[in-house]
Amino acid sequence: MSAAELEMSACRSGAERLAAFARVSTADVDEAAEQVGRIFCPHDLKPMQARASGFSARHNCAVFDGFSISYVSYGGSVTIDPGCLERFFLVQIPLQGTARIRVGAGEIATAPGRAASLLSPTIPTRMVWTDCAQAILLLDRRMVEQRAAALSGRAAAAVEFDSVIDLCAPAAHGLEVKLDALMTLAERLGPSGRISPVAMADWRETLLDQLLNRHRHDLSDAIATFSGQAERLPRALRAARDYLADNAAEPLQLAQLACVSGIGIRALQLGFRRHFGLSISEMLRDIRLAHLHARLSQAAPDASITDIAFDLGFTHLSRMAGVYRAKFGETPSATLRRRMS
């Protein structure tokens, strides 16, 4: 068995992970609720048994830029009631024990090798863990919603995922592998270790791709349509959309776009309106905005918003700033400041 397979086997067996990143280790219920609440969000934590027989809490957490990875375990049976998470999305992959999770009006059961959960910040949640340990990925809500906006061509808004993850599905297996690799990376670096900005950006891209493109949510269809992946999208429109994406920084040439797609300009204009709900110029603007957001999110501290905007084909900076704010809920300078901080 390879080293990677041994590490994955240890992860699935429930062996404690991220031990050097210990944040909480207690047999006191109130202390556990208060300390874990500081890391995630305030919540009610209650043992199912009146005397808290066998209760214990362990929380190890490695924090990165925009996301964190945790090992969380509770001994005994406990109810956890955070309500709406508000600030973040949570992927919970069980390593041992079981959990029953009430998500909105539905309920799911999770267990190692069978099912995991994906909790959205706007849907109320209540959980019962029984001798349970989980690997938990936390992703910043703003980061996920802004990326969903860039992928779907819509303004940033709440995103709600299907709450159950079938661990037998290929997409879920890929996510398990990525989270195990992230935990292993954190363990190798240790609490004082640092990951390079390039590697950090690669991890953010990987995790956002895993969630937004491989797990079902209420913008999945919009993302498929906007990206030209939808089966119903005519080949000519897919070719035109791909050409815009590949040449977003270049001036719009309708004649060249018609040549690439193989249909006339008027047919293209009508097709974009019908299938994307946008004009060709609006589609190009949204593609450029997505590129601008991605570059500002990874920019160096001395980066110039003006230079980046001009590189991407924007010529009216005040107009660009207005549509950027409408789409992402913040100004370009706010995105850059968050990156610099």
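The structure we're discussing is the one just above.
Quick look at the structure, then.

What counts and what doesn't
Residues numbered from 1 in each chain as written. Predicted model: local features only at pLDDT ≥ 70, side-chain atom pairs only at ≥ 80, totals over all residues. Heavy atoms only, no water. Helix = DSSP H or I, 4+ residues; strand = E, 2+ residues; numbered from the N terminus. Rg over C-alpha atoms; globule rule 2.2 N^0.38 Å. Buried < 20%, exposed > 50% of the residue type's maximum accessible area, 1.4 Å probe, protein only. Contact = heavy atoms within 4.5 Å. Areas by Shrake-Rupley, 256 points an atom, 1.4 Å probe, with all protein chains shown as cover. Lys, Arg positive; Asp, Glu negative; His and termini not counted. Charge placed at Lys NZ, Arg CZ, Asp CG, Glu CD. Phe/Tyr/Trp six-rings, centres within 6.5 Å; stacked < 30°, edge-to-face > 60°. Lys NZ or Arg CZ within 6 Å of the ring centre and 35° of its normal. Core = buried A, V, L, I, M, F, W, Y, C linked by side-chain atoms within 4.5 Å. 1 Å grid on protein atoms, 1.4 Å probe; cavity = no way out; pocket = protein on both sides within 12 Å on 5 of 7 lines; lining within 4 Å. Points joined across faces, edges and corners; volume = space filled by probe spheres on them. Nonpolar A, V, L, I, M, F, W, Y, C, P; charged D, E, K, R; others polar. Salt bridge = Lys/Arg side-chain N within 4 Å of Asp/Glu carboxyl O. Pairing = 2+ DSSP bridges.

Observations regarding the overall build of the protein chain
When helices and strands are tallied, the protein chain shows 13 helices and nine strands. Relative to a compact globule of 341 residues, whose C-alpha radius of gyration would be 20 Å, the protein chain shows 23 Å and is just as compact. Expressed as lengths along the three principal axes of its C-alpha atoms, the size of the protein chain is roughly 75 × 45 × 40 Å. When burial is assessed residue by residue, the protein chain has 47% of its 341 residues classed as buried. Sequence-distant contacts in the protein chain: of pairs separated by 6 or more residues, those separated by 24 or more amount to 72%. Accessible surface, the protein chain as shown: approximately 16,000 Å² in total, 51% of it carbon and sulfur. Of the side-chain charges in the protein chain, 38 are positive and 36 negative, and the distance between the mean point of each set is 5 Å.

A word on the packing of aromatic side chains
What describes a pair of aromatic rings is the distance from one ring centre to the other and the angle between the planes of the rings. Counted by the stated rule, this structure contains seven aromatic pairs. When the centroid spacing of 6.3 Å and the interplanar angle of 45° are considered together, the rings of Phe40 and Phe88 count as tilted. Here Phe40, found in the loop between α2 (29-39) and β2 (44-47), pairs with Phe88, found in strand β5 (residues 88-103); they are 48 residues apart in sequence, far enough to count as distant. Residue classification places Phe40 among the buried residues on the basis of a relative accessible area of 10%. A centroid spacing of 5.4 Å and a plane angle of 70° characterise the contact between Tyr74 and Trp129, whose relative ring orientation is edge-to-face. A residue pair is termed long-range when its members are at least 10 positions apart, and Tyr74 in strand β4 (residues 67-83) and Trp129 in strand β8 (residues 125-140) qualify at 55 residues. When sorted by exposure, Tyr74 lands in the same class as Trp129, which is buried. Taken together, Phe55, Tyr74 and Trp129 form an aromatic cluster joined through their ring pairs. Over the face of the ring belonging to Phe226 we find Arg241, whose NZ or CZ atom lies 5.0 Å from the ring centre. Sitting over the face of the ring of Phe328, Lys327 holds its NZ or CZ atom 5.8 Å from the ring centroid.

Overview of the nonpolar core
Residues Phe67, Ile69, Val91 and Leu137 are the most contacted members of the largest nonpolar core, which totals 38 residues. Elements supplying a minimum of two residues to this core: β4, β5, β7 (115-119), β8, α3 (141-152), α4 (170-189) and α5 (197-214). Judged by nonpolar contacts, the second largest core, of 30 residues, contains Val29, Ala57, Ala99 and Ile108.

Quick notes on empty space enclosed by the protein
Summed over all chains, the structure comprises two cavities of 30 Å³ or more. As a volume, the largest cavity reaches approximately 140 Å³. In terms of lining residues, the largest cavity is bounded by 14 residues, among which Val36, Phe40, His43, Ile80 and Met127 are the most central. Those elements that place two or more of their residues in the lining of the largest cavity are β4, β5 and β8. No other element matches the four residues that β4 contributes to the lining of the largest cavity. Broken down by class, the residue content of the lining of the largest cavity amounts to 12 nonpolar, two polar and no charged.

Regarding the pattern of salt bridges
In the structure shown here, the tally under the stated rule is 15 salt bridges. A salt bridge links Asp209 to Arg214; the shortest N-O distance between them is 3.1 Å. Overall, the relative accessible area of 26% leaves Asp209 in the partly exposed class.

Observations regarding the pairing of strand β3 (residues 56-63)
Alignment of strand β1 (residues 22-26) against β3, held across four bridges, turns out to be antiparallel. In the sheet register, Ala22 faces β3, and the bridge partner there is Asn60. Pairing of β3 with β4, which is carried by eight bridges, proceeds in the antiparallel orientation. Pairing of Ala62 across the sheet is with Ile69, part of β4. The antiparallel hairpin formed by β3 and β4 contains three residues in its connecting segment, where Gly66 sits at a positive phi of about 95°.

Quick word on unusual backbone geometry
We note that Leu18 has phi near 60°; this positive angle belongs to a residue other than glycine. Positive phi outside glycine occurs at Asp131, with the angle close to 45°. Mapped onto the secondary structure, Asp131 falls in strand β8.

On their own, these measurements won't tell you what the molecule is for.
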